[in-house]
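Analysis of the macromolecular model
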Amino acid sequence: MTIPQKFDAIIYIDGFGVGSDEDQLKLLKNIKHWLEDDGCALIDIYQPEHWKKADGVEMYLSPRNMPHIKRKYSYDFEADIMMDTWWHAKDEELNQTQYLKCYTPDEIYKLCKQAGLNIIGYFPHGAMDYDNMEYHEHASLEECMSYRIKLIK
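Here's a quick rundown of the structure. Since the structure is predicted, the reported quantities are computational estimates derived from the model, not experimental observations.

1. Description of the overall build of the protein chain
The helix and strand inventory of the protein chain stands at three helices and ten strands. Across the protein chain, helices and strands are ordered from the amino to the carboxyl terminus as β-α-β-α-β-β-β-β-α-β-β-β-β. Each principal axis of the C-alpha atoms in the protein chain carries an extent, and together these give about 50 × 35 × 30 Å. The 153 residues of the protein chain split such that 39% are buried. Here the contacts in the protein chain between residues at least 6 apart in sequence split such that 56% fall between residues at least 24 apart. When the accessible surface of the protein chain is summed, it comes to about 9300 Å², and 50% of that surface belongs to carbon and sulfur atoms. For the protein chain, the centre of its 17 positive side-chain charges and the centre of its 27 negative side-chain charges are spaced 5 Å apart.

Next up, the structure:
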């Protein structure tokens, strides 16, 4: 599919990392093509260091609102892929898993360079403390669940 328009801004939230590195490179090259010369893109990237610590964490999703929905995080340490699996507590066989490749800031920098894009900002999101099951709104780039990058041509 070819998109002939150019855009001032492109925002890609909570989905970068679906597929292979080649798929991500192709997407980044498309983003470069879709951007106006003075435009920018904002993309959320999953941080591998956080998700390595989340490997094996299992929880009920919002005990007050959905007490029968369970969730488990897993991590493929060789491929740097986080897996987020959801299911109804009464039927674990019927589940749905989302797979997202995680990238360190250095890895995403190199991938963006290959696509002809320049990162001009890194913005870390929060992090989850799984021991206490508390979300912390502020986290370092090394400890955050994900971070946003700002790209230009």
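Now that the structure is up, let's keep going.
2. Side note on helix α1 (residues 21–34)
In a regular helix each residue adds 1.5 Å, so 14 residues correspond to 20 Å; α1 covers 20 Å between its end C-alpha atoms and thus fits that length. For α1, the set of buried residues is Gln 24, Leu 25, Leu 28, Ile 31 and Trp 34.

3. Regarding the pattern of salt bridges
Applying the stated criterion across every chain yields a total of seven salt bridges. Between Asp 21 and Lys 101 there is a salt bridge whose closest N-O contact spans 2.9 Å. On the criterion of sequence distance, the pair formed by Asp 21 in helix α1 and Lys 101 in strand β6 (residues 91–101) is long-range, its members being 80 residues apart. By relative accessible area, Lys 101 is classed as buried at 14%. When the shortest N-O distance is used, the salt bridge between Lys 52 and Glu 49 registers 3.1 Å. On the criterion of helical spacing, the pair formed by Lys 52 and Glu 49 is a turn pair, its members being three residues apart in helix α2 (residues 48–54). Of the residues examined, Glu 49 reaches a relative accessible area of 34% and is grouped as partly exposed.

4. A look at unusual backbone geometry
Of note, Asp 80 is a non-glycine position whose phi angle comes to about 55 degrees, a positive value. Residue placement: Asp 80 occurs in the loop between β4 (69–76) and β5 (81–88). A positive phi angle is found at Met 133, which is not glycine, with a value near 50 degrees.

5. Some remarks on the nonpolar core
One finds Leu 28, Ile 108, Ile 149 and Leu 151 to be the most contacted residues of the largest nonpolar core, which totals 24 residues. With sequence-adjacent residues up to four places away left out, Leu 28 is seen in contact with Phe 16, Ile 43, Leu 111, Cys 112, Ala 115, Leu 117 and Leu 151. Counting residues in each nonpolar core, the second largest holds twelve residues, with Tyr 46, Met 59, Tyr 75 and Cys 102 among its members.

Calculation rules
In every chain, residue numbers begin from 1 and rise along the written sequence. Per-residue local features of the predicted model are confined to residues with pLDDT of at least 70, and side-chain atom pairs are confined, for both listing and counting, to 80 or more; whole-chain, interface and lining totals are unaffected and use all residues. Only hydrogens and water are set aside when side-chain values are computed; all heavy atoms of the structure are taken into account. For helices the rule is a DSSP run of H or I covering at least 4 residues; for strands it is a run of E covering at least 2, with both sets numbered from the N terminus onward. Relative accessibility under 20% of the residue-type maximum defines a buried residue, over 50% an exposed one, and the middle range a partly exposed one, all with a 1.4 Å probe and only protein chains included. Throughout, a contact is declared for two residues whenever any of their heavy atoms are within 4.5 Å. The method behind every accessible area is Shrake-Rupley, applied with a 1.4 Å probe, and residues are considered shielded solely by the protein chains displayed. When charges are counted, neither His nor the chain ends are considered; positive counts come from Lys and Arg and negative counts from Asp and Glu. Every charge is mapped to an atom, namely NZ of Lys, CZ of Arg, CG of Asp or CD of Glu. Expected span of a helix: the number of residues minus one, times 1.5 Å. By definition, a salt bridge exists where a carboxyl oxygen of Asp or Glu is found within 4 Å of a side-chain nitrogen of Lys or Arg. In this description, a nonpolar core means a group of buried Ala, Val, Leu, Ile, Met, Phe, Trp, Tyr and Cys residues linked to one another through side-chain atoms lying within 4.5 Å.

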